[in-house]
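Coordinate analysis (summary)
These are the residues of each chain, in order.
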Amino acid sequence: MPQPTHILAIDQGTTSTRCILFDSAARPLAVAQREFAQHYPELGWVEHDPEDIWSDTVATMREVVATAGIDASAIAGIGITNQRETVVVWDRATGRPIHRAIVWQDRRTSELCGQLKADGAEAMVTQKTGLLIDPYFSATKLAWILDNVPGARAAAERGELACGTIDTFLLSRLTRGRVHATDPTNAGRTLLFDIMAQQWDEELLRLFRVPPAILPEVRDNACLFGECDPDILGHAIPIAGMAGDQQAALFGQGCFRPGMAKSTYGTGCFALMNIGTTPVLSSNRLLTTPAYRLAGVTTYALEGSIFVAGAAVKWLRDGLKIITRASETHDMATRVPDSHGVYMVPAFVGLGAPYWNPDVRGLICGLTLDATDAHLARAALESVAFQTKDLVDAMRADSAPGQGALRVDGGMAANDWLCQFLADILAAPVERPSTVETTALGAAFLAGLGTGLWTGLDQLEQVWSLNRRFESKMDPALRTTMIGGWRKAVERTLL
Ligand SMILES: Nc1ncnc2c1ncn2[C@@H]1O[C@H](COP(=O)(O)OP(=O)(O)O)[C@@H](O)[C@H]1O
Ligand SMILES: O=P(O)(O)OC[C@H](O)CO
């Protein structure tokens, strides 16, 4: 039988589940995608049904293989990448979740986080995890499930329940419940994992009241995690790579050297800069996070997380109904010479880095009677660039300046107007790669390393290729004025 040479990447995102099949040169051959339901049971709460995620994963795996017209025996390995922080708790005996997944955007534990901060816990937490106390991360969501599902805490103490981020949940299902494991990039977003010592931490588990028996084992990002149930694709395929989606995107963007940075524009926006193997804590409210751990060696990244990027465009479509497709924002923004003084601060679920305020809400200001839907659309796109500027400034203040261009990807990076405006506001080049599916590509890279299909980072670095480079063209005085207007709008939001 010929050697298998393909890699299947599962990219389980916030709004959709995608599977992409790559060939041995890491070229995407076929894509299958399904959007799934978002549940908002109360103001500020966001949940996903894990069964939707599971059925869409299986369906897209089968569809992508069928579309590519290959036999599953040609697949050397599977890589999983996932929306991070979102947490699921399930019964070990049946594999059934005991509650819907609580999503990273969910703010229900805001009060508990405020209390923990007031009690002075944050310094210790940051020192160990590189994170801040915020409802964004998994620990308080997990505690909420244990406290609110009848009998859950006692069952967890007895070792009857398992928990995990979406990677762990999918791995468990794909291996018929045989493997309960995660990787450092996902573990590092829970608030329970000491990123320096690379292990679950007893003091953190006590603080967040999480029983150790519920936690998965943490393994390198590229290794043999388990074998996929042959009933799914007709063949048992090794699952050989896993990473949280933003770290996977950094990997897929080939940002293997300190100073290299990428920014991914999906539902939210996440900018990560490789800082090498020595973790540095931010003085500017950025996060320090494991970027990847290979053969036991951890490389770290500084991260700026913005909760709303594409979600603002989705709101224009689904909430305001002023567009029917996200891509229309490109022509609308181009149609007007400027935003006519309109600023949007899309704090729909609070503000992430560098503000970290879970309680503020969004704002549109500067409206006049002649403001149009095009100005609003432009303001929404501009807000994404302004937020990125805040992150890049914080990164520059924290570490040596990054190496040149910012590499961009994610659904929104298809928008040329946004990429140009981003370069203008950052006063730095913005590079878009040929494969914008860099998240899936990163998972594929890891699985390729895990199976030995690819040999090392040098080889993977050669795969990255440029689609388009956007150079800054804006007059510096105009840039300063526009950024000043943005800062004032943020101040008003924070009032
Ligand atoms: N051409 C575009 N212009 C602006 N926004 C876009 C464009 N295409 C997609 N988006 C936005 O990007 C998001 C989808 O990106 P994607 O990377 O698929 O997100 P996720 O992985 O978070 O589900 C949506 O929120 C959508 O509104
Ligand atoms: O699903 P995405 O692409 O919006 O990414 C979500 C992030 O991982 C949340 O931290």
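Residues numbered from 1 in each chain as written. Chains lettered and ligands numbered in written order. Predicted model: local features only at pLDDT ≥ 70, side-chain atom pairs only at ≥ 80, totals over all residues.

An unreviewed UniProt entry lists the chain under the name Glycerol kinase, with Alteraurantiacibacter buctensis as the source organism. What UniProt records for the chain under Sequence similarities (unreviewed entry) is the sentence "Belongs to the FGGY kinase family." Looking at the Function (unreviewed entry) heading of the UniProt record, one finds this comment for the chain: "Key enzyme in the regulation of glycerol uptake and metabolism. Catalyzes the phosphorylation of glycerol to yield sn-glycerol 3-phosphate." (UniProt positions renumbered as here; feature names shortened; annotations may be inferred.)

1. A closer look at the overall build of the chain
Counting its regular elements, the chain contains 17 helices and 23 strands. For a compact globule of 495 residues, the expected C-alpha radius of gyration is about 23 Å, and the chain comes in at 22 Å, within 12% of that figure. Along the first, second and third principal axes, the C-alpha atoms of the chain reach 60 × 55 × 45 Å. Here the chain holds 495 residues, and 55% of them are scored as buried. Pairs at least 24 apart in sequence give 73% of the contacts found in the chain among residues at least 6 apart. (Helix = DSSP H or I, 4+ residues; strand = E, 2+ residues; numbered from the N terminus. Rg over C-alpha atoms; globule rule 2.2 N^0.38 Å. Buried ≥ 20, exposed ≤ 12 C-beta atoms within 10 Å, placed from the backbone. Contact = placed C-beta atoms within 7 Å.)

2. Overview of helix α10 (residues 245–252)
Side chains that are three or four residues apart share a direction in an α-helix, a result of its 3.6 residues per turn. Within α10, eight of the eight residues are buried, which leaves the element mostly enclosed by the surrounding structure. Among all positions in α10, only Asp-245, Gln-246, Gln-247, Ala-248, Ala-249, Leu-250, Phe-251 and Gly-252 are buried. Downstream of α10 by one or two residues, Gly-254 has phi in the positive range, about 65°.

3. A few points about the site of ligand 1
The local shell around ligand 1 holds 19 residues, among which Gly-13, Gly-266, Thr-267, Gly-310 and Gly-411 are the closest. Of all the elements in the fold, those that place two or more residues in the shell around ligand 1 are α11 (310–318) and α12 (328–335). Sorting elements by how many residues they give to the shell around ligand 1 places α11 first, with four residues. (Near = placed C-beta within 6 Å.)

4. A word on the nonpolar core
Within the largest apolar cluster, 159 residues are counted, with the highest numbers of intra-cluster contacts made by Ala-9 and Ala-444. Among the elements that take part in this core, helix α13 (residues 373–398) stands out by supplying 13 residues, more than any other. (Core = buried A, V, L, I, M, F, W, Y, C linked by C-beta atoms within 7 Å.)

5. Things to note about the site of ligand 2
Taken together, Gly-13, Thr-14, Gln-83, Arg-84, Glu-85, Trp-104, Gly-244, Asp-245, Gln-246, Gly-266, Thr-267 and Gly-268 are the residues near ligand 2. Here the residues of the shell around ligand 2 sort into one nonpolar, eight polar and three charged. (Nonpolar A, V, L, I, M, F, W, Y, C, P; charged D, E, K, R; others polar.)

6. Quick word on the UniProt feature "domain: Carbohydrate kinase FGGY N-terminal" (unreviewed entry) in the chain
Within the UniProt annotation, "domain: Carbohydrate kinase FGGY N-terminal" (unreviewed entry) is assigned to residues 7–252. Its end C-alpha atoms 14 Å apart, residues 7–252 is made of 34% helix and 26% strand.

7. Re the sheet that holds strand β3 (residues 28–35)
Reading across from one edge, β3-β2-β1-β5-β14-β13 is the order of the six strands in this open sheet, with mixed pairing throughout. Of all the strands in the sheet, just β3 and β13 (222–227) have a single pairing partner and so form its edges. Ignoring strand direction, the axes of neighbouring strands in this sheet form an average angle of 25°. In this sheet, strand β14 (residues 238–244) lies alongside strand β5 (residues 75–82) in parallel orientation, the contact comprising five bridges. If you follow Asn-82 over to β14, its bridge partner there is Gly-244. Sheet strands touched by helix α6 (residues 166–174): β1 (6–12), β5, β13 and β14. Its angle to β5, the strand with the most contacts, is close to 145°. Sitting on the sheet, helix α15 (residues 438–451) is in contact with β1, β2 (16–22), β5, β13 and β14, with an inclination near 135° to β5. (Pairing = 2+ DSSP bridges. Axes fitted to C-alpha atoms, helices over the stretch in contact; angles between N-to-C directions.)

8. Quick look at unusual backbone geometry
The amide bond that connects Ala-353 to the next residue, Pro-354, takes the cis arrangement and shows omega of -10°. The topology assignment puts Pro-354 in the loop between β19 (343–345) and β20 (363–365). A positive phi angle, near 55°, is found at Ala-427, a position not held by glycine. Tracing the backbone through its elements, the reader meets Ala-427 in the loop between α14 (416–426) and β22 (430–433).

9. Quick word on the pairing of strand β6 (residues 87–91)
Counted residue by residue, β6 has four buried out of five residues, so it is predominantly covered. Bridge count for β6 against strand β8 (residues 161–165) is five bridges, and the pairing is antiparallel. What sits directly across from Val-89, in β8, is Cys-163.

10. Focus on the packing of α10 against α15
The geometry of α10 relative to α15 is characterised by a closest axis approach of 7 Å and an angle of 80° between their N-to-C directions. Looking at the two axes, α10 sits roughly perpendicular to α15. Of the residues in α15, those in contact with Asp-245, Ala-248, Ala-249, Leu-250, Phe-251 and Gly-252 of α10 are Thr-438, Thr-439, Leu-441, Gly-442, Ala-443, Phe-445 and Leu-446. (Parallel < 35°, antiparallel > 145°, perpendicular 65-115°, else oblique.)

11. Focus on the sheet that holds strand β23 (residues 466–470)
Overall, mixed pairing links the seven strands, which are arranged β17-β18-β16-β15-β21-β22-β23 in an open sheet. Pairing within the sheet leaves two strands with one partner each, and these edge strands are β17 (287–294) and β23. Going across the sheet, the axis of each strand differs from the next one's by a mean of 30°, ignoring polarity. Helix-sheet contacts for α14 involve β21 (406–409), β22 and β23, and the interaxial angle to β22 is about 150°.

12. As for the pairing of β21
On β21, burial covers both faces: Leu-406 and Val-408 on one face and Arg-407 and Asp-409 on the other are all buried. When β21 meets β22, the two strands line up parallel, connected through two bridges. Within β22, the position partnered with Leu-406 by the bridge is Val-430. In terms of handedness, the path from β21 via α14 over to β22 forms a crossover that is right-handed. (Right-handed = clockwise from strand over helix to strand, strands pointing away.)

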